[in-house]
Amino acid sequence: MTTTPEPVTIRDATGADAAGCAAIYAPYVRDTAVTFETDPPDDVALAGRIAAAQERHAWLVAERDGELLGYAYAGTYRLRRAYARTAETSVYLAPEAAGQGIGAALYRALLDRLRELGYGTAVAGMTPPNPGSAALHRSLGFTQVGAFTRVGRKFGRWHGCDWWELPLAEDVAEP
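All of these numbers come straight from a predicted model, not from anything done at the bench. (Residues numbered from 1 in each chain as written. Predicted model: local features only at pLDDT ≥ 70, side-chain atom pairs only at ≥ 80, totals over all residues. Heavy atoms only, no water.)

### Some remarks on the pattern of salt bridges
(1) Moving on: Per the counting criterion, the structure on display carries 6 salt bridges.
(2) Moving on: Among the salt bridges present, the one from Glu63 reaches Arg11, with a minimum N-O distance of 3.1 Å. Pair noted here: Glu63 is in strand E2 (residues 58-64) and Arg11 is in strand E1 (residues 9-12), with a separation of 52 residues, a long-range link.
(3) Moving on: In this structure, Glu116 and Arg113 form a salt bridge, with 3.9 Å as the shortest nitrogen-oxygen distance. (Salt bridge = Lys/Arg side-chain N within 4 Å of Asp/Glu carboxyl O. Helix = DSSP H or I, 4+ residues; strand = E, 2+ residues; numbered from the N terminus.)

Structure (structure tokens):
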């Protein structure tokens, strides 16, 4: 008999989620080139990032029975004023959450929030090869629009970055 997992709750992150987010993120930093960050941030640093994201963008978490399973957030793409309606997005999952649709649910909720906040475009960068992330972005309507072949150096070698874009809304207020 197959059991269906309990539903996942997606909600706004708070500073109390920082340690859980840091625990999810640390293996990505230490063991992969998925992120070009080289030192895992601690819970204090993540609390600051959560607070900053909540000011103008969003940081959402997914949890089941009080266990943090993943998070998605958006932040500033670039500082020039003309970019103000474009947000850079990212999602990270705990290993046990993979393959359950949690990443897609988190990302959909994040994109909906960005639309509510008046953003017109979402962009995402990913280190190739990352077929799972590419499939997720494609399933949500993102299109790959470019690729750098050697922009991040980690683990003694160069890595590229593929750039993806999703139109969120056509008519948005000028920044």
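The discussion continues.
### Focus on the nonpolar core
In summary, soluble globular proteins display a tendency toward joint burial of nonpolar side chains.
(1) Moving on: Counting 28 residues, the largest nonpolar core has Leu106, Tyr107, Leu110, Leu111, Leu114 and Phe142 as its most contacted members.
(2) Moving on: Mapped by element, the contributors of at least two residues to this core are E2, strand E3 (67-76), strand E4 (86-93), helix H3 (102-116), strand E5 (121-126), helix H4 (131-139) and strand E7 (157-167).
(3) Moving on: Examining the composition of this core, we find that 7 residues originate from one element, H3, more than from any other.
(4) Moving on: Filtering out sequence-adjacent residues up to four positions away, Leu106 remains in contact with Ile10, Leu60, Val61, Ala62, Gly70, Tyr71, Ala72, Val91 and Leu93. (Core = buried A, V, L, I, M, F, W, Y, C linked by side-chain atoms within 4.5 Å. Buried < 20%, exposed > 50% of the residue type's maximum accessible area, 1.4 Å probe, protein only. Contact = heavy atoms within 4.5 Å.)

### Things to note about H3
(1) Moving on: Helix length check: H3 (15 residues) gives 21 Å between terminal C-alpha atoms against 21 Å at 1.5 Å per residue, within 8%.
(2) Moving on: Just downstream of H3 lies Gly118, where phi reads positive at about 90°. (Expected span 1.5 Å × (residues − 1).)

### Digging into the sheet that holds strand E6 (residues 143-154)
(1) Moving on: Strand order in the open sheet made by the 7 strands is E1-E2-E3-E4-E5-E7-E6, with mixed pairing throughout. Taken across any chain shown, the strands that pair with only one partner, and hence form the sheet edges, are E1 and E6. Within the sheet, the average angular offset between the axes of one strand and its neighbour, ignoring direction, is 25°.
(2) Moving on: In terms of strand pairing, E4 meets E5 through 3 bridges, oriented parallel. Across the sheet, the residue bridging to Ala87 is Ala122, located in E5.
(3) Moving on: Relative to the sheet, helix H2 (residues 43-56) contacts E1, E2 and E3, its axis offset from that of E2 by approximately 120°.
(4) Moving on: With respect to the sheet, H4 is in contact with E4, E5 and E7, its orientation differing from that of E5 by roughly 165°. (Pairing = 2+ DSSP bridges. Axes fitted to C-alpha atoms, helices over the stretch in contact; angles between N-to-C directions.)

### Regarding the layout of surface pockets
(1) Moving on: By volume, the largest pocket amounts to about 980 Å³.
(2) Moving on: Every residue lining the largest pocket is counted, 47 residues in all, and those nearest its centre are Val34, Ser90, Val91, Tyr92 and Gly125.
(3) Moving on: Looking at the lining of the largest pocket, the elements with two or more residues in it are helix H1 (18-31), H2, E3, E4, H3, E5, H4 and E7.
(4) Moving on: When its residues are assigned to classes, the lining of the largest pocket shows 26 nonpolar, 17 polar and 4 charged. (1 Å grid on protein atoms, 1.4 Å probe; cavity = no way out; pocket = protein on both sides within 12 Å on 5 of 7 lines; lining within 4 Å. Points joined across faces, edges and corners; volume = space filled by probe spheres on them. Nonpolar A, V, L, I, M, F, W, Y, C, P; charged D, E, K, R; others polar.)

### Describing a negative patch on the surface
(1) Moving on: A cluster of like negative charges, contributed by Glu6, Asp65, Glu67 and Glu96, occupies part of the molecular surface.
(2) Moving on: The residue Glu96 is located in the loop between E4 and H3 in this model. (Patch = residues over 30% accessible without salt bridge, like charges linked within 9 Å, V, L, I, M, F, W, Y side chains within 5 Å. Areas by Shrake-Rupley, 256 points an atom, 1.4 Å probe, with all protein chains shown as cover. Lys, Arg positive; Asp, Glu negative; His and termini not counted. Charge placed at Lys NZ, Arg CZ, Asp CG, Glu CD.)

### Topic: the pairing of E6
(1) Moving on: Bridging between E6 and E7 involves 8 bridges; their strand directions are antiparallel. Residue pairing in the sheet places Arg153 in a bridge with Trp158 of E7.
(2) Moving on: Remark: 2 residues form the turn of the hairpin made by E6 and E7, two consecutive strands paired antiparallel; Phe155 in that turn has positive phi of roughly 60°.

### Topic: the packing of aromatic side chains
(1) Moving on: Applying the stated criterion across every chain, the model contains 9 aromatic pairs.
(2) Moving on: Considering the side-chain rings of Tyr25 and Tyr92, the 5.0 Å spacing of their centres and the 70° angle between planes classify their relative orientation as edge-to-face. Of this pair, Tyr25 sits in helix H1 while Tyr92 sits in strand E4, and the two are 67 residues apart along the sequence. Of the two residues, Tyr25 and Tyr92, neither departs from the other in class, the shared state being buried.
(3) Moving on: An aromatic cluster is present here, built from Tyr25, Tyr28, Trp59, Tyr71, Tyr73 and Tyr92 joined pairwise through their rings. (Phe/Tyr/Trp six-rings, centres within 6.5 Å; stacked < 30°, edge-to-face > 60°.)

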